[in-house]
Amino acid sequence: MTVTRAWSGHYPDAGVTGGRPTYVEFDRSTTLTFLHEPANWPTDIEMAVLLCPPFGWEEVCSARALRTVAAALARAGYPTARLTLPGTADGSGGPREPDLLDAWIDAVGGAAEWLRQRTAASRCVAFGIGLGGMLAYVAASKHDAIDDLVLWAVRNEGRALLHESRSLSKVIASDFPEDQGDPAALDDLELIGYLMSSDTQTALSELQLSAHVLPDCDRRRVLLLSRGAQRVDQALRDSLERPGAEVEVRRTNDYYGLMVRPEQSQPPADTIAHLLDWLAQGSAIQMSRPALQRGTQATNREVPEMELSDGVIETPFGCSGTRGNVFGIVSRNPAAGQATLALVFVGAGALPHTGPNRAWVEIARRWAGRGIPTVRVDLAGIGEAGGEDPELVSDESTYESWRVDDVRAVLDQLQGSGVADRFVLGGLCSGANSALQGALADPRVCGLLLINLFLVTWSSELIAERRRRGPLADRSRNGGVGRLASYAERRQMADAVAAFDELKERDTEVLLLFGTQEALYEELVCHRLVDQPGRWPNIRLERIPSRDQMFRAQWLQRHVHTHLDDAVMRMLAKLPGGAGRNQIMDEVDT
Amino acid sequence: LNQIDARLQEIAREAFRNDSFVLTDSMKPFEVSGWDSLGHVNFMLTVESEFGLEFSEEEFVRFEDIGELKRMLTEKLQPV
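Note that the coordinates shown come from a computational prediction; the quantities given were computed from them, not determined experimentally.

### Topic: the pattern of salt bridges
Residues and elements named next belong to chain A.
In step 1: Inspection of the entire model under this criterion finds 45 salt bridges over all chains.
In step 2: A salt bridge links E164 to R227; the nearest nitrogen and oxygen atoms lie 2.5 Å apart. Pair noted here: E164 is in helix α5 (residues 158-173) and R227 is in the loop between β9 (221-225) and α7 (234-241), with a separation of 63 residues, a long-range link. The same class applies to E164 as to R227, namely buried.
In step 3: K574 is paired through a salt bridge with D507; the nearest N and O atoms lie 2.7 Å apart. Pair noted here: K574 is in the loop between α18 (554-573) and α19 (579-589) and D507 is in the loop between α16 (487-505) and β19 (509-514), with a separation of 67 residues, a long-range link.
In step 4: Given a relative accessible area of 37%, K574 falls into the partly exposed group.

### Remarks on the packing of aromatic side chains
In step 1: The full count for this structure, using the stated rule, is 15 aromatic pairs over all chains.
In step 2: Their ring planes at 75° and their centres at 5.2 Å tell us that F500 of chain A and W536 of chain A sit as a pair that is edge-to-face. In this pair, F500 of chain A sits in helix α16 while W536 of chain A sits in the loop between α17 (519-526) and β20 (539-543), placing the two residues 36 residues apart along the sequence. In this pair, the class of F500 of chain A matches that of W536 of chain A, namely buried.
In step 3: When the centroid spacing of 5.4 Å and the interplanar angle of 15° are considered together, the rings of F16 of chain B and F21 of chain B count as stacked. Pair check on accessibility: F16 of chain B and F21 of chain B agree, each one buried.
In step 4: Three or more aromatic residues joined by ring pairs make a cluster, and in this case those are F127, W152, Y255 and Y256 of chain A.

### Some points on the interface of chain A and chain B
In step 1: Tallying the contact residues gives 23 residues for chain A and 19 residues for chain B.
In step 2: For chain A, the biggest contributors to the area lost against chain B are H163, V171 and Y256 of chain A; these three give 30% of the whole.
In step 3: On inspection of chain A and its partner chain B, the count reaches 5 salt bridges.
In step 4: Every element with two or more residues in the side of chain A that touches chain B is listed here: α5 and α8 (255-259) of chain A.
In step 5: Looking at the side of chain A that touches chain B element by element, the count peaks at 9 residues for α5 of chain A.
In step 6: Grouping the constituent residues of the side of chain A that touches chain B by class yields 7 nonpolar, 7 polar and 9 charged.

### Looking at helix α4 (residues 131-142) of chain A
In step 1: Compared with the 16 Å implied by 1.5 Å per residue over 12 residues, the 17 Å span of α4 of chain A between its first and last C-alpha is a close match.
In step 2: Restricting attention to buried positions, one finds in α4 of chain A the residues L131, G132, G133, M134, L135, A136, Y137, V138, A139, A140 and S141 of chain A.

### Observations regarding the sheet that holds strand β17 (residues 423-428) of chain A
Residues and elements named next belong to chain A.
In step 1: As summarised here, the arrangement of the 9 strands in space is β12-β13-β14-β16-β15-β17-β18-β19-β20, forming an open sheet in which the pairing is mixed. Strand pairing shows two members of the sheet lacking a second neighbour, β12 (306-307) and β20, which therefore form its edges.
In step 2: Pairing between β12 and strand β13 (residues 313-319): 2 bridges, direction antiparallel. Paired with E307 across the bridge in β13 is I313.
In step 3: Along the sheet, helix α10 (residues 359-369) makes contact with β12, β13, β14 (326-332), β15 (342-346), β16 (374-378), β17 and β18 (445-451), crossing β16 at roughly 155°.
In step 4: The strands that helix α11 (residues 402-416) touches are β13, β14, β15, β16, β17 and β18; relative to β13, the one it contacts most, it runs at about 130°.

### Description of the sheet that holds strand β1 (residues 20-26) of chain A
Two orientations exist for strands paired in a sheet by backbone hydrogen bonds: parallel and antiparallel.
All names here are of chain A.
In step 1: With mixed pairing, 9 strands are arranged side by side in an open sheet as β10-β9-β6-β5-β3-β4-β2-β1-β11. Every interior strand has two partners, whereas the edge strands, β10 (246-250) and β11 (300-303), have only one. In this sheet, neighbouring strand axes are inclined to one another by 25° on average, regardless of whether the strands run parallel or antiparallel.
In step 2: Strand direction decides the pairing type here: β1 and β11, joined by 4 bridges, are antiparallel. Considered in β11, the bridge of Y23 is made with V303.
In step 3: Packing against the sheet, α4 makes contact with β3 (47-52), β5 (123-129) and β6 (148-152), and its axis sits at approximately 145° to β5.

### Section: unusual backbone geometry
Residues and elements named next belong to chain A.
In step 1: For A120, which is not a glycine, the phi torsion comes out positive at approximately 55°.
In step 2: Locating A120 in the fold gives a position in the loop between α3 (100-119) and β5.
In step 3: Not every positive phi belongs to a glycine, and I192 is a case in point at roughly 50°.
In step 4: Relative to the helices and strands, I192 resides in the loop between β7 (189-191) and β8 (194-196).
In step 5: For I192, a relative accessible area of 7% translates into the label buried.

### Quick notes on the nonpolar core
What tends to happen in soluble globular proteins is that the nonpolar side chains get buried as a cluster.
In step 1: By size, the foremost hydrophobic cluster in this structure holds 117 residues, and its most contacted members are L149 of chain A together with F43 of chain B.
In step 2: The biggest single contributor to this core is α3 of chain A, with 10 residues.
In step 3: Apart from the residues within four sequence positions on either side, F43 of chain B is in contact with L8, I11, A12, A15, F16, W35 and L69 of chain B.
In step 4: The next biggest cluster of nonpolar side chains, apart from the first, holds 42 residues, and it includes V375, L436, L520 and Y521 of chain A.

### With respect to the confidence of the model for chain A
All names here are of chain A.
In step 1: Averaged over chain A, the pLDDT score is 88; the fraction of residues at 70 or greater is 89%.
In step 2: Contacts for the low-pLDDT stretch residues 1-11, under 50 throughout, to residues beyond four places or in other chains number 36 contacts.
In step 3: Confidence over residues 477-483 falls short of pLDDT 50; this stretch has 8 contacts with residues more than four positions distant or in other chains.

### Regarding a negative patch on the surface
In step 1: On the surface, D27, D99, D102, D106 and D199 of chain A cluster together into a patch of negative charge.
In step 2: Positionally, D102 of chain A belongs in helix α3.

Quick notes on the rules
- Residues numbered from 1 in each chain as written.
- Chains lettered and ligands numbered in written order.
- Predicted model: local features only at pLDDT ≥ 70, side-chain atom pairs only at ≥ 80, totals over all residues.
- Heavy atoms only, no water.
- Salt bridge = Lys/Arg side-chain N within 4 Å of Asp/Glu carboxyl O.
- Helix = DSSP H or I, 4+ residues; strand = E, 2+ residues; numbered from the N terminus.
- Buried < 20%, exposed > 50% of the residue type's maximum accessible area, 1.4 Å probe, protein only.
- Phe/Tyr/Trp six-rings, centres within 6.5 Å; stacked < 30°, edge-to-face > 60°.
- Contact = heavy atoms within 4.5 Å.
- Buried area = accessible area lost by both parts, 1.4 Å probe.
- Nonpolar A, V, L, I, M, F, W, Y, C, P; charged D, E, K, R; others polar.
- Expected span 1.5 Å × (residues − 1).
- Pairing = 2+ DSSP bridges.
- Axes fitted to C-alpha atoms, helices over the stretch in contact; angles between N-to-C directions.
- Core = buried A, V, L, I, M, F, W, Y, C linked by side-chain atoms within 4.5 Å.
- pLDDT = per-residue confidence, 0-100.
- Patch = residues over 30% accessible without salt bridge, like charges linked within 9 Å, V, L, I, M, F, W, Y side chains within 5 Å.
- Areas by Shrake-Rupley, 256 points an atom, 1.4 Å probe, with all protein chains shown as cover.
- Lys, Arg positive; Asp, Glu negative; His and termini not counted.
- Charge placed at Lys NZ, Arg CZ, Asp CG, Glu CD.

Written as structure tokens, this is what we have:
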């Protein structure tokens, strides 16, 4: 089989809720968007909405819920596109790109231009949250594609936004000593798994929205949304009202429900109602506030793939799943020829591919550049995958056996499309479990990268017991713990032994990476399963100096990257003749 | 000071969504039931916005108790 440049996989109909992943190319760059289209397109689209996400931890928390917001707007007849900012999530580049603030603003303007042309909408509304709102405002001052603005929790000054982000980061870091920052990167700012370069900080701290004049302000409508008791920024409000924009201020009470934690984030129902109400009023007001006069339309086009550095291209991936479509991104280097294997990373819990979880994006691009196709997938209910049942993000659901069928369906499609015949599966927490179970079920899997594997098999009894008992460290020091273990714990250990034996039998190379407070690791220690040299020579166990399950600090992320890279090299070396490893070593050396 | 007390109390009730929340000077943040990270950030940002001032990042995280927060507030509100 050969890997052709044109991706021969398909992306299933995502429907209104999912949003169709679409790469938009304009000027020098390509931007990833997710377009939510109304089920029945009205003949005349009055308004299309461009959703500009917040930055940092708030993006991590709200990603899935904002998908619901976009779906609700599309259902009401407003085509809505969600923008991925360059250097974040599955967007192009990285956080150290030069002139990133300008790139963000251009991405908003370019996406708005594309959205208007794509939908033939009379007006384009940019709905921005936090940093996304600031970018929307500046983009509106530069691009005539944006008519109206909805700004939620938006500050007039970039300096104030940075203060907020730093303070939130400080509060979170106070719970985790390992998050205290990287002394080797003093100029860069670490924001809960995100990195902001000193250049971007400087540019953002100098940004003042009121200094940017919105042309034809008297033709624009603006909805300013507060968050709880925090009032909207008065300087921002003044800068819009003074030149004649029609400004409406509404209070929302669901901002913090949206931003609380990724797995607990709730779609902001009240704010969606405010939005729909305000958009509906726009139909009547349009007569008095005609759309902007448009200049020459910029060139933009939808492209099937995104070209990155090192010859890597990325394409969306999708296949039908048991409880909803699986979503993924395939990273590969078409010039590298036939791949010996592909890496497949399974998303964890409610975490999208951004912030602490952008590590998967970076690893995928690095290995794709070396000629190893790499796929990051979200199973139903997670990230950008289908499956709207809220139950799908429950802990128990992420361990259900049908997810293994979905993992195998991914492998089927990748193999059928000529990406590879053999696979290394990887994942964190519940993603690690899906990878483990996928390997046990599928002989095409020749390697496993398991980070903070929480359970080998689901056991609500064991989870409850772990909560009650706390860390096992003291018991392990005292020895004899195996005799005191509960049935649930002993059962889990038996399942672990059976899984490890099976993987040894198949000669599947395994990396087990555990943090300092991982319950399964402690149980393996207590049952003396980690100090039996030679029993499972295919398994390498390494520790991560972190108490938390995810890796926010940059130094921790690098630590994990190193372990994963080393493990992939070992797996390649085990391929017949070690040819894969030799080829990659040449790539790495050069 | 009573005005500060009353406004802080009101902000805390909003931030932690608890209408019966009663602030006392000896109350230590994060040791109070329901005082979580996000609520803390919400509370502090609202205090900044209501009183028109800004805390340093250290002050934002590390004040011993509500009494210390009030002392910080009083100092910042005094005319220079």
